[in-house]
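Structure at a glance
Here are the chains, one letter per residue:
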Amino acid sequence: MNLPDAAPSPGHEIDEDGTTMSAGLLGGANGASGAAAEGAQGAAPLRTDRAALLAAVAERGKMWDVVVVGGGASGLGIALDAATRGWKVLLVESYDFAGGTSSRATKLLHGGVRYLAQGDIGLVREALHERKTVLHIAPHLAQPLPFVMPSYRWWETPFYGVGLKAYDALAGNAGLGPTRLLSRRKVLQLLPGLNPTQLKGGVKYWDAQFDDARLAIALARSAAAAGATLVNYIKAEGLVHKPSGAGGMRVAGVHLRCRETKTAFEVRARCVINATGVWVDGLRQIDGEALQRPVRSMVAPSQGVHLVVPRHFSPGEHALLVPKTADGRVLFAVPWMGALILGTTDTPRPDVQREPRPLAQEVEFILSEAARYLARPPKTSDVLSAWVGLRPLVKPMDDDAEATKGLSREHTVLVSKSGLVTVTGGKWTTYRAMAEDVLQRCAQAGLLPSERLTPSVTALHRLVGAPAAGVAQPGLTTAGGMHLYGSDATWVARLPGASTPLGSAPGDADLVVTEAMVRFAARYEYARTVEDVLARRSRLLFVDARRAQRLAPSVARILTMETGHDPMLEHFIQLAKRYASVGAA
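Being a predicted model, the structure only gives us computed values, none of them experimental.

1. Here's the deal with the overall build of the protein chain
Helix and strand counts for the protein chain come out as 16 helices and 20 strands. The proportion of buried residues among the 585 residues of the protein chain is 60%. For the protein chain, the share of sequence-separated contacts (at least 6 apart) that also reach a separation of at least 24 residues comes to 74%. Accessible surface for the protein chain amounts to roughly 21,900 Å². Of this, 53% is attributable to carbon and sulfur atoms.

2. A word on the side chain of R104
On the secondary structure map, R104 appears in the loop between β4 (89–93) and β5 (108–109). The exposure class of R104 is buried, given its relative accessible area of 4%. At a separation of 3.3 Å, a polar atom in the side chain of R104 contacts the main-chain carbonyl oxygen of V388. Those residues in contact with R104, other than ones at most four positions away along the chain, are G99, D212, H306, R354, E355, P356, W387, V388, G389, F542 and Y579.

3. What to know about the confidence of the model for the protein chain
In the predicted model, the protein chain carries a mean pLDDT of 88, and 88% of its residues have values of at least 70. Low pLDDT, under 50, characterises residues 1–41; the predicted model gives this stretch 95 contacts beyond four residues in sequence or across chains. For the stretch residues 398–408, pLDDT sits under 50, and the model shows 25 contacts to residues farther than four places along the chain or on other chains.

4. Re the nonpolar core
Of all hydrophobic cores here, the largest spans 134 residues; its most connected members are L230, L256, I273, L534 and L541. With residues near it in sequence (within four places) discarded, I273 still touches V66, V67, V68, V69, I78, V421, V423, V438, L439 and C442. In terms of nonpolar packing, the next biggest core, distinct from the first, is built from 29 residues, V187, L320, V322 and L374 among them.

5. Re helix α10 (residues 431–444)
Compared with an ideal rise of 1.5 Å per residue, which puts 14 residues at 20 Å, α10 spans 20 Å between its outermost C-alpha atoms and is within 8% of the ideal. Those residues of α10 not exposed but buried are Y431, R432, A433, M434, A435, V438, L439, C442 and A443. Buried residues in α10 make contact with α2 (73–84), α4 (121–137), α7 (212–225), β12 (264–274), β19 (411–415) and β20 (421–425).

6. Quick word on a nonpolar patch on the surface
Residues W154, W155 and F159 make up a contiguous nonpolar surface patch of roughly 430 Å² in combined accessible area. Secondary-structure assignment places F159 in helix α5 (residues 156–171).

7. Quick look at the pattern of salt bridges
Here the structure, examined in full by the defined rule, presents 29 salt bridges. Among the ionic pairs, K107 bridges to D212, the shortest N-O distance being 2.7 Å. Pair noted here: K107 is in the loop between β4 and β5 and D212 is in helix α7, with a separation of 105 residues, a long-range link. Take K107: its relative accessible area is 0%, and that puts it in the buried class. Taking the relative accessible area as the measure of exposure, D212 reaches 0% and is therefore buried. Residue R372 pairs with E369 through a salt bridge whose shortest N-O separation is 3.2 Å. Taken together, the positions of R372 and E369, both in helix α9 (residues 360–373) and three residues apart, correspond to about one turn of that helix. If you follow the salt bridges from partner to partner, you end up with D96, E531, D532, R536 and R537 in one network.

8. Comments concerning the packing of α4 against α10
Relative to each other, α4 and α10 sit at 105°, their axes nearing to 8 Å. Taken together, the axis directions place α4 and α10 in an arrangement best described as roughly perpendicular. Between α4, through E126, E130, T133, V134 and I137, and α10, the contact on the second element is made entirely by Y431, R432 and A433. Among the residues making up the contact of α4 with α10, the classes are represented as four nonpolar, one polar and three charged.

9. Some details on the pairing of strand β9 (residues 229–232)
In β9, alternate side chains face the same way, and those of T229 and V231 on one face and L230 and N232 on the other are all buried. Note: β4 against β9, four bridges, orientation parallel. When the sheet's bridge partners are listed, E93 is paired in β9 with N232.

10. Digging into the packing of helix α13 (residues 530–537) against helix α16 (residues 569–580)
Between α13 and α16, whose axes approach to 8 Å, the crossing angle comes to 40°. In terms of orientation, α13 lies oblique with respect to α16. Together, V530, E531 and L534 of α13 and L569, H571, F572 and L575 of α16 make up the contact between the two elements. Considered class by class, the residues forming the contact of α13 with α16 number five nonpolar, one polar and one charged.

11. What to know about the packing of aromatic side chains
One pass over the full model with this rule turns up 15 aromatic pairs. Each ring, one from F147 and one from Y205, has its centre 5.2 Å from the other, and the planes form 25°; the classification is stacked. Of this pair, F147 sits in strand β6 (residues 142–151) while Y205 sits in strand β8 (residues 201–210), and the two are 58 residues apart along the sequence. By relative accessible area, which is 1% here, Y205 ends up buried. Ring geometry for W155 versus Y160: centroids 6.5 Å apart, planes at 35°, classification tilted. Ring pairs connect the aromatic residues F147, Y167, Y205 and F332, which therefore count as one cluster. The cationic tip of K107 hangs over the ring face of F542; the distance from NZ or CZ to the ring centre is 5.0 Å.

Procedures and definitions
- Residues numbered from 1 in each chain as written.
- Predicted model: local features only at pLDDT ≥ 70, side-chain atom pairs only at ≥ 80, totals over all residues.
- Heavy atoms only, no water.
- Helix = DSSP H or I, 4+ residues; strand = E, 2+ residues; numbered from the N terminus.
- Buried < 20%, exposed > 50% of the residue type's maximum accessible area, 1.4 Å probe, protein only.
- Contact = heavy atoms within 4.5 Å.
- Areas by Shrake-Rupley, 256 points an atom, 1.4 Å probe, with all protein chains shown as cover.
- Polar contact = N/O pair within 3.5 Å; in protein donor to acceptor, adjacent residues only side chain to side chain.
- pLDDT = per-residue confidence, 0-100.
- Core = buried A, V, L, I, M, F, W, Y, C linked by side-chain atoms within 4.5 Å.
- Expected span 1.5 Å × (residues − 1).
- Patch = residues over 30% accessible without salt bridge, like charges linked within 9 Å, V, L, I, M, F, W, Y side chains within 5 Å.
- Salt bridge = Lys/Arg side-chain N within 4 Å of Asp/Glu carboxyl O.
- Axes fitted to C-alpha atoms, helices over the stretch in contact; angles between N-to-C directions.
- Parallel < 35°, antiparallel > 145°, perpendicular 65-115°, else oblique.
- Nonpolar A, V, L, I, M, F, W, Y, C, P; charged D, E, K, R; others polar.
- Pairing = 2+ DSSP bridges.
- Phe/Tyr/Trp six-rings, centres within 6.5 Å; stacked < 30°, edge-to-face > 60°.
- Lys NZ or Arg CZ within 6 Å of the ring centre and 35° of its normal.

Shown next as structure tokens:
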């Protein structure tokens, strides 16, 4: 259940609680007509009231068409697609939306230059076209970004130029700009922090960047506005199996438990979709045990480490791409939120920890490679934040997958004998195409009536907060602020504390967190903890972990006022300390 705030009429005042004195709240299960889903300016945001959401989950006798387990990019994309087709949708996430891999990307919406070199033409073509779609439906959160690939050998400029021209050709009408061969002088102009020693020239091409966590929250809010019910911090503990007509067992629902209240729920569903990323094998094992069938793992986790350093190491508006480092990997230096992201690694990992740590050798690799290409080499003491994402790479069922470079970056959809639908793999850029594929497979498997599977509309469905077409947006290379809310910025500005930044101090980055932003996160963006606010509603933990630690007590105070819930301040303090340190195993 999501409650839409009444839009203020002319002359109505906003009281100290941020609601209209004359209108109050409009009720109703799953809240709204869906007008807010279009991101229209002035559309009232939907309240994400925790008690109402849990009441919707607990409703006895309700049959959901689709229950999605997992609130990352793929799960949220499925929820939005299914809801906009008219299905009754419930999505549950055991942690916070985008709390895992989906908030720890390199912040790039891209076709994958490295995948083109590996011959994955279909994946690259699909991703390039999906890139354009995301730029259209969420222009405040996803924008074009120019890259420069420097050349230090005479043959590199023409060689990489040919490959990137092919990249342009695959994009076709979805291209963002032409590839250009650059002189040495032009490269240094576009990348003023680049090491000029032995530089021959370079190539400029276009991709895009985005705010991954805020895009995930926009997907969640858009799905809710379309009628779906989404709840974070509620864990799927098991599956409901019932006898099928063929003498076997079929999945008929999910056993859930709220992590805050410890309340247990059993929900019924026609179709259960396992979209838990690197954790998909857990639910598959539960399904296999019920069917007394062995289940082999399908995911080989790969760890990608990112280090954030001050922007002055590469102060231009272009990203740096080194296509082949000393060990054959790719190195990025991406301007984002007023800082610079360095990465990434590709290290096989035997486990799937919630908060994986960067290995000392990974940190050393990134810094040593960056030192080869930046005029001023960054040091460990320059790192503002270090974070790790786990890629859910799909391995062949007969492969122990000790190496990850050759594993598929494409998504895989499996339907078990019981009807449990599992999706994993893929990449953020293609989340929407993945959702379409999953729902098509559900219909093909007879889990959803195929005659009710209307065509997807998500390619044209602008997300909550998307500004009107043609409205210029500040770039994502600049520090985060009110512009990241798009058309919702006017609603944030009406809340108490809109002009009160938290914890600013001399030397702090420009990324602003205000009291009103915290209140908006609690009321309209499902935020429950300090980490939710400072890691994913604001991106401060990922940009400057020490400053996030300083702001945490103020955020905790406001969250407690707004939710009456323990904001887990001490947990966040310890987390921020880990993000601020590097090189630990």
